[in-house]
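# Observations on the model geometry
Here's the letter readout for the chains.
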Amino acid sequence: GESVGLHLPTLSVQEGDNSIINCAYSNSASDYFIWYKQESGKGPQFIIDIRSNMDKRQGQRVTVLLNKTVKHLSLQIAATQPGDSAVYFCAVGFRGSNDYKLSFGAGTTVTVRA
Amino acid sequence: NAGVTQTPKFRILKIGQSMTLQCTQDMNHNYMYWYRQDPGMGLKLIYYSVGAGITDKGEVPNGYNVSRSTTEDFPLRLELAAPSQTSVYFCASSYGPNTEAFFGQGTRLTVV
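Residues numbered from 1 in each chain as written. Chains lettered and ligands numbered in written order. Predicted model: local features only at pLDDT ≥ 70, side-chain atom pairs only at ≥ 80, totals over all residues. Heavy atoms only, no water.

## Looking at the overall build of chain B
Convention followed: Secondary structure counts use DSSP, requiring at least four H or I residues in a row for a helix and at least two E residues in a row for a strand, with both numbered from the N terminus. C-alpha atoms define the radius of gyration in this analysis, and the globule rule sets the expected value at 2.2 Å times the number of residues to the power 0.38. Note on exposure labels: buried denotes an accessible area under 20% of the residue type's maximum, exposed denotes more than 50%, and partly exposed covers the range between, all computed with a 1.4 Å probe on protein chains only. Note on definitions: a residue-residue contact is assigned when non-hydrogen atoms from the two residues lie within 4.5 Å. In these tables, accessible area is a Shrake-Rupley quantity obtained with a 1.4 Å probe, and a residue counts as shielded only by the protein chains included in the view. For the charge count, each Lys or Arg is scored as positive and each Asp or Glu as negative, with His and the chain ends excluded. A charge is said to be at NZ when it belongs to Lys, at CZ for Arg, at CG for Asp and at CD for Glu.
Along chain B, the regular secondary structure elements total zero helices and 11 strands. When the helices and strands of chain B are listed from N to C terminus, the series reads β-β-β-β-β-β-β-β-β-β-β. The C-alpha radius of gyration of chain B comes to 13 Å, within 12% of the 13 Å expected for a compact globule of 112 residues. Based on the C-alpha atoms only, the size of chain B along its principal axes is roughly 35 × 25 × 25 Å. Within the span of chain B, comprising 112 residues, buried residues form 46% of the whole. Considering only residue pairs separated by 6 or more positions, chain B has 54% of its internal contacts joining residues 24 or more positions apart. Per element, the accessible surface of chain B, about 5400 Å² overall, is 52% carbon and sulfur. Considering chain B, the positive charge centre built from 9 side chains and the negative charge centre built from 8 side chains are found 11 Å apart.

## Examining the packing of aromatic side chains
Put simply, the test is: Aromatic pairs are defined between Phe, Tyr and Trp rings, using the six-membered ring for Trp, whenever the two ring centres lie within 6.5 Å; interplanar angles under 30 degrees are classed as stacked, those over 60 as edge-to-face, and all others as tilted.
Under the counting rule described, the total for this entry stands at 10 aromatic pairs over all chains. Relative to Y35 of chain B, the ring of F104 of chain A lies with its centre 5.3 Å away and its plane at 80°, an arrangement referred to as edge-to-face. One end of the pair, F104 of chain A, is in strand β10 (residues 100–104); the other, Y35 of chain B, is in strand β4 (residues 31–37), on a second chain. In this structure Y35 of chain B comes out as buried when scored by relative accessible area, which is 3%. Ring geometry for F104 of chain A against F103 of chain B: centres 6.4 Å apart, planes inclined by 85°, an arrangement best described as edge-to-face. Placement of the pair is F104 of chain A in strand β10 and F103 of chain B in strand β10 (residues 101–103), with the two residues belonging to separate chains. A relative accessible area of 9% means that F104 of chain A is categorised as buried. Residue classification places F103 of chain B among the buried positions, given a relative accessible area of 10%.

## Topic: the sheet that holds strand β8 (residues 76–78) of chain B
Residues and elements named next belong to chain B. Applied cut-off: Being paired, for any two strands, means DSSP has found at least two bridges between them. For helices, the fitted axis covers only the stretch in contact; all axes are lines through C-alpha atoms, and the angles between them, taken along N-to-C directions, range from 0 to 180 degrees.
With respect to topology, four strands assemble into an open sheet ordered β1-β3-β8-β7, the strand pairing being antiparallel. Two strands bound the open sheet, and with one partner strand each, they are β1 (4–7) and β7 (64–66). Across the sheet, the mean angle from the axis of one strand to that of its neighbour is 20°, orientation sign disregarded. As judged from the four bridges shared by β1 and strand β3 (residues 19–25), these two strands associate in the antiparallel manner. Its bridge partner lying in β3, V4 is registered against Q25.

## Some remarks on the nonpolar core
Among soluble globular proteins, nonpolar side chains are generally buried collectively. All names here are of chain A. In plain terms, the rule: Note on terminology: a nonpolar core comprises buried Ala, Val, Leu, Ile, Met, Phe, Trp, Tyr and Cys residues joined through side-chain atoms within 4.5 Å.
Core analysis: the largest hydrophobic core is formed by 22 residues, its most contacted members being I21, F33, W35, L73, L75, Y88 and V110. Of all the elements in the fold, those that place two or more residues in this core are β2 (10–14), β3 (19–25), β4 (32–38), β5 (45–51), β7 (62–67), β8 (72–77), β9 (86–95) and β11 (108–113). Non-local contacts of L73, meaning those with residues more than four positions away in its chain, are made with I21, N22, C23, F33, W35, I50, V64, L65, L66 and C90.

## Topic: the environment of D38 of chain B
Residue and element names in this part refer to chain B. Definition in use: Pairs of N or O atoms are called polar contacts if they sit within 3.5 Å, as long as, within protein, a hydrogen donor faces a hydrogen acceptor (for residues adjacent in sequence, only side-chain-to-side-chain pairs).
With respect to the element layout, D38 can be found in the loop between β4 and β5 (43–51). Among the residues examined, D38 registers a relative accessible area of 23% and is labelled partly exposed. When sequence neighbours within four positions are dropped, the list of residues in contact with D38 reads T86 and S87. Engagement of the side chain of D38 in a polar contact is seen with the side chain of S87, the distance being 2.7 Å.

## Let's talk about the state of the cysteines
Note the threshold: In what follows, a disulfide is any cysteine sulfur pair within 2.5 Å.
This structure, assessed with the given rule, holds two disulfides over all chains. What pairs with C23 of chain A in a disulfide is C90 of chain A, and their sulfur atoms sit 1.7 Å apart. Negative torsions about the S-S bond denote left-handed disulfides, and the value of about 40° found for C23 of chain A with C90 of chain A makes this one right-handed. Here C23 of chain A is found in strand β3, whereas its partner C90 of chain A is found in strand β9, with 67 residues between them in sequence. On the basis of relative accessible area, C90 of chain A is assigned to the buried category, the value being 0%. The disulfide partner of C23 of chain B is C91 of chain B, and the gap between their sulfur atoms is 1.8 Å. Disulfide C23 of chain B-C91 of chain B: the torsion about the S-S bond is -70°, which places it as left-handed. One end of the pair, C23 of chain B, is in strand β3; the other, C91 of chain B, is in strand β9 (residues 87–94), and 68 residues separate them in sequence.

This is the structure in structure tokens:
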């Protein structure tokens, strides 16, 4: 199976600073990693993903880093804005015996201070 | 472009009642999923489907049933509601199992 854990359940960040959200996983066979953002009262929304053949991927103001050696994944948000306040989930995918499985972490609540 | 649409948004059920949560997507995705989200927890997979006519159990299927008669629709049925089923339910769809999933807005269900 797979267990996915986030290092901190909450993160408070000053507006304009960079945010780093961390995630650890247990299954070395995991090959797909994805970050979602969930605003209050809404469904999760895709931010960025990365596959196991890469160790870094960048999007608009976001970067995902993957360290397969220590089974660690992080999401970096540059110049954090008030609109970045949300719960952030990582999800990790691996191929099981019968199908492909995706396990979600519990989420990190990010609060941006003005 | 509607994406994934869930209805209803809120519902209160009495213990033992039944209901169906509706989910439809207009992106022609083969994969569809039902998750539940409890406070402070991640998403737990209830059921999923890899295409019309095919469904399979996820991590927490007990007390639920699903059907997938069309590519677009994936309803979730609760037959005998229990307080333990109080949760927020999300439907999602994706092109493949390891691709971006699109989520609906959620259904907040309370069983009393």
